[in-house]
There are 4 protein chains.
Amino acid sequence: MTEEISDSRLPNKLGFDELAAKVTSAPFHRWMNLRLLALNERDVVIEMPWRDEIVAEPTIGYAHGGLLATLIDLTADYAIAAKLGRGVPTVDMRVDFHRPALSGPLRTTGRVIKLGRTLATAEAWVVDTAGKLLASGRATFIVAT
Amino acid sequence: MTEEISDSRLPNKLGFDELAAKVTSAPFHRWMNLRLLALNERDVVIEMPWRDEIVAEPTIGYAHGGLLATLIDLTADYAIAAKLGRGVPTVDMRVDFHRPALSGPLRTTGRVIKLGRTLATAEAWVVDTAGKLLASGRATFIVAT
Amino acid sequence: MTEEISDSRLPNKLGFDELAAKVTSAPFHRWMNLRLLALNERDVVIEMPWRDEIVAEPTIGYAHGGLLATLIDLTADYAIAAKLGRGVPTVDMRVDFHRPALSGPLRTTGRVIKLGRTLATAEAWVVDTAGKLLASGRATFIVAT
Amino acid sequence: MTEEISDSRLPNKLGFDELAAKVTSAPFHRWMNLRLLALNERDVVIEMPWRDEIVAEPTIGYAHGGLLATLIDLTADYAIAAKLGRGVPTVDMRVDFHRPALSGPLRTTGRVIKLGRTLATAEAWVVDTAGKLLASGRATFIVAT
């Protein structure tokens, strides 16, 4: 979606170090060895290294789709969190699986689509080290406190 | 959805032991300590015990939504697999988060909505030990080989 | 989804005539010639007759998927409305298209999945006169006023 | 999503006049008075004028969400059709409703996310005359013949 139409260019309330600390505060994110790679006014980029336990199918050895969905959920959430200064509960999520994830690290970019007073929508996509699109999706979050 | 309209009552090609072996063949499913709890002509039921690494937020201590999405993806997939005799790649998924998952085990039921020649759709839902609905969703799978 | 787990059996605040009046209050519903066919504590059933303008592809002559999506959106909404006594804005929607809709009338059933204080989720599915499943889906609605 | 990662810059097989003719070949698209506004290697833009029958709620007078979903479905489809030279059946769709549509014309932009050999994914978004985002979403299509 073009940036002119989305709310992806709203100013951030969190700096890089603050958001990086949020990313690693979740026990499951620590298990995934996530780290914040980049944060600017438009994008949040999070990287996950490969680990053997994430495999769904041992012959071909691709990563579990549920973990790609997890990356999309959390990176879309942090795209909202960067704008609001706090994380928000996910209401629902859509994920499209484009290619099997065969090696890492997996890099996920999140971007705000619409930041409302009650709800917000953000999108995210996962690429491999060659920049190939593995999965993409969008999620709705509750913003009202 | 009523069973009369869905394809949830088609005969199974996999027995309990065969499907149970598939469930634990995935390294990530072993990490999740999944086990097949029940299989009949309509439902696949899979249970995941709690483990501390699945927590998303350490103060309240609820499980990561990405893992609920993972449970919905894989249980919907096994509902198709039971009918076809083989697992199928997920095309896309929708997940709704209804309540935070605060303790385990988490029990997920999967059921076929439509089994086509090219694509199939199945739904799944996650409940806690009190039977409260935590998350639900549906996914599309490629059936054509 | 099993009724024991969903909120589909909560008591209704609207009777048949009240809901039927709501259905036909919308200009677009009148264009679609919608009518309420059944209302009970679990299901809302709405019927749409065929009309030539709904066709998407003139050679085969199937109905536009957008109209099946419309039926799912509005029938899921009325499943919530029956419980709450008022219609609710749709937040987002997922629709799966299972078979082309080649003739009418089209019958859509809606059912509540989860009725929360802030948000609600409902599902709906469209069948043809032979009872064949044409489309199904789910939507999230804002309940808080 | 960034264009570098999506398949939105693949060459088109249809020119403007060919795609414009496809848009108006569908009876429902003629009822909607759709017209192709722009086609380039990245975007398909389709415009729908207001008409009184599209209203969902007569007091405020906003357009039916099902018609915004219809616009997203068909414009995403034409984004794929421009690349392939032919329309493709929709498998499933996700739509997010951001703001009520209070006046027309409604302008919808479609863009390819991933063009595979079996399936394709495209996104689309609807704006009002002020450029405000009303709805956005994505859909999966069958590409294999």
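Residues numbered from 1 in each chain as written. Chains lettered and ligands numbered in written order. Predicted model: local features only at pLDDT ≥ 70, side-chain atom pairs only at ≥ 80, totals over all residues. Heavy atoms only, no water.

Trainee: Run through the overall build of chain A, naming residues and quoting values.
Mentor: Tallying secondary structure elements over chain A gives three helices and eight strands in all. Ordered by position in the sequence, the α and β elements of chain A form the string α-α-β-β-β-β-α-β-β-β-β. Here the C-alpha atoms of chain A give a radius of gyration of 15 Å, agreeing with the 15 Å that 2.2 N^0.38 yields for 145 residues. For chain A, the spread of C-alpha atoms along the three principal axes comes to 45 × 30 × 25 Å. By the burial criterion, 61% of the 145 residues in chain A qualify as buried. Within chain A, contacts between residues at least 6 apart in sequence are counted, and of these 62% link residues at least 24 apart. With the model as given, the accessible surface of chain A reaches about 5,200 Å², and the carbon-plus-sulfur share is 51%. (Helix = DSSP H or I, 4+ residues; strand = E, 2+ residues; numbered from the N terminus. Rg over C-alpha atoms; globule rule 2.2 N^0.38 Å. Buried < 20%, exposed > 50% of the residue type's maximum accessible area, 1.4 Å probe, protein only. Contact = heavy atoms within 4.5 Å. Areas by Shrake-Rupley, 256 points an atom, 1.4 Å probe, with all protein chains shown as cover.)

Trainee: Can you break down the relation of the copies chain C and chain B residue by residue, with the values?
Mentor: The transform that puts chain C on chain B rotates by 180° and translates by 0.0 Å along the axis, for an RMSD of 0.0 Å. Those values place the two copies in the arrangement expected of a two-fold rotation axis. Closest to the rotation axis within chain C is the C-alpha of C:Met1, separated from it by 3.1 Å. Looking at the interface residues of chain C, 100% of them are also at the interface in chain B, so both copies use one shared face. (Least-squares fit on C-alpha atoms with pLDDT ≥ 70 in both.)

Trainee: I'd like a rundown of the interface of chain B and chain A, residues and numbers included.
Mentor: Contacts between the two partners involve 28 residues from chain B and, on the opposite side, 28 residues from chain A. Between chain B and chain A, the buried area comes to about 2,100 Å², and carbon and sulfur atoms account for 62% of it. Ranking the residues of chain B by area buried against chain A places B:Phe28, B:His64 and B:Phe97 at the top, with a combined share of 25%. Our count for the contact surface shared by chain B and chain A stands at two salt bridges. Note that A:Asp92 is salt-bridged to B:Arg94, the shortest N-O span being 3.3 Å. Along the contact surface separating chain B from chain A lie 14 residue pairs in polar contact (both at pLDDT 80 or more). Counting residues per element, the ones that place at least two in the side of chain B that touches chain A are helix H2 (27–31), helix H3 (65–84) and strand E3 (90–97) of chain B. A total of eight residues in the side of chain B that touches chain A trace back to one element, the largest contributor, which is E3(B). (Buried area = accessible area lost by both parts, 1.4 Å probe. Salt bridge = Lys/Arg side-chain N within 4 Å of Asp/Glu carboxyl O. Polar contact = N/O pair within 3.5 Å; in protein donor to acceptor, adjacent residues only side chain to side chain.)

Trainee: Give a detailed account of empty space enclosed by the protein, specifying residues and quantitative values.
Mentor: Scanning the entire structure with this criterion turns up two cavities of 30 Å³ or more. Roughly 40 Å³ of volume is contained in the largest cavity. Around the largest cavity sit B:Asn12, B:Leu39, B:Asn40, B:Glu41, B:Arg42, B:Asp43, B:Val44, B:Ala79, B:Ala82, B:Lys83, B:Gly110 and B:Val112, which together line it. Listed by contribution, the elements that provide at least two residues to the lining of the largest cavity are H3 and strand E4 (106–115) of chain B. Counting residues per element, the lining of the largest cavity draws most heavily on H3(B), at three residues. When grouped by side-chain class, the residues that make up the lining of the largest cavity number five nonpolar, three polar and four charged. In this structure, the second largest cavity encloses a volume near 30 Å³. Lining the second largest cavity are C:Asn12, C:Asn40, C:Glu41, C:Arg42, C:Asp43, C:Val44, C:Ala79, C:Ala82, C:Lys83, C:Gly110 and C:Val112. Elements with a minimum of two residues in the lining of the second largest cavity: helix H3 (65–84) and strand E6 (106–115) of chain C. Broken down by class, the residue content of the lining of the second largest cavity amounts to four nonpolar, three polar and four charged. (1 Å grid on protein atoms, 1.4 Å probe; cavity = no way out; pocket = protein on both sides within 12 Å on 5 of 7 lines; lining within 4 Å. Points joined across faces, edges and corners; volume = space filled by probe spheres on them. Nonpolar A, V, L, I, M, F, W, Y, C, P; charged D, E, K, R; others polar.)

Trainee: I'd like a description of the environment of B:Glu57, backed by residues and values.
Mentor: Residues and elements named next belong to chain B. Tracing the backbone shows Glu-57 in the loop between strand E2 (44–48) and H3. Residues Glu-57 and Ala-144, spaced 87 residues apart in sequence, show a C-alpha to C-alpha distance of 40 Å. Within the local environment of Glu-57, its side chain forms a polar contact with the side chain of Thr-59, the two groups lying 3.0 Å apart.

Trainee: Pulling in residues and values, what's your account of the sheet that holds strand E2 (residues 44–48) of chain D?
Mentor: Strands sit in the order E1(C)-E2(C)-E6(C)-E7(C)-E8(C)-E5(C)-E3(D)-E6(D)-E5(D)-E4(D)-E2(D)-E1(D) across an open sheet of twelve strands; the sheet is antiparallel. Among the strands making up the open sheet, the edge pair consists of strand E1 (35–39) of chain C together with strand E1 (35–39) of chain D. On average, each strand axis in the sheet is inclined to that of its neighbour by 20°, with strand direction left out of account. Strand direction decides the pairing type here: E1(D) and E2(D), joined by four bridges, are antiparallel. (Pairing = 2+ DSSP bridges. Axes fitted to C-alpha atoms, helices over the stretch in contact; angles between N-to-C directions.)

Trainee: Summarise the interface of chain C and chain B; cite the residues concerned and give the values.
Mentor: Listed by partner, the interface residues are 24 residues for chain C and 24 residues for chain B. Both faces considered, chain C and chain B share a buried interface measuring about 2,000 Å² in area, 52% of it formed by carbon and sulfur atoms. For the chain C face of the interface with chain B, the top three residues by lost area are C:Met1, C:Arg94 and C:Arg138, together amounting to 32%. Our count for the chain C to chain B interface comes out at four salt bridges. Between B:Asp96 and C:Arg138 there is a salt bridge, and its shortest N-O distance comes to 2.7 Å. The interface formed by chain C and chain B holds ten residue pairs in polar contact (both at pLDDT 80 or more) in total. Every element with two or more residues in the side of chain C that touches chain B is listed here: strand E5 (90–97), E6, strand E7 (119–127) and strand E8 (133–142) of chain C. Sorting elements by how many residues they give to the side of chain C that touches chain B places E8(C) first, with six residues. The residue makeup of the side of chain C that touches chain B, split by class, is eight nonpolar, seven polar and nine charged.

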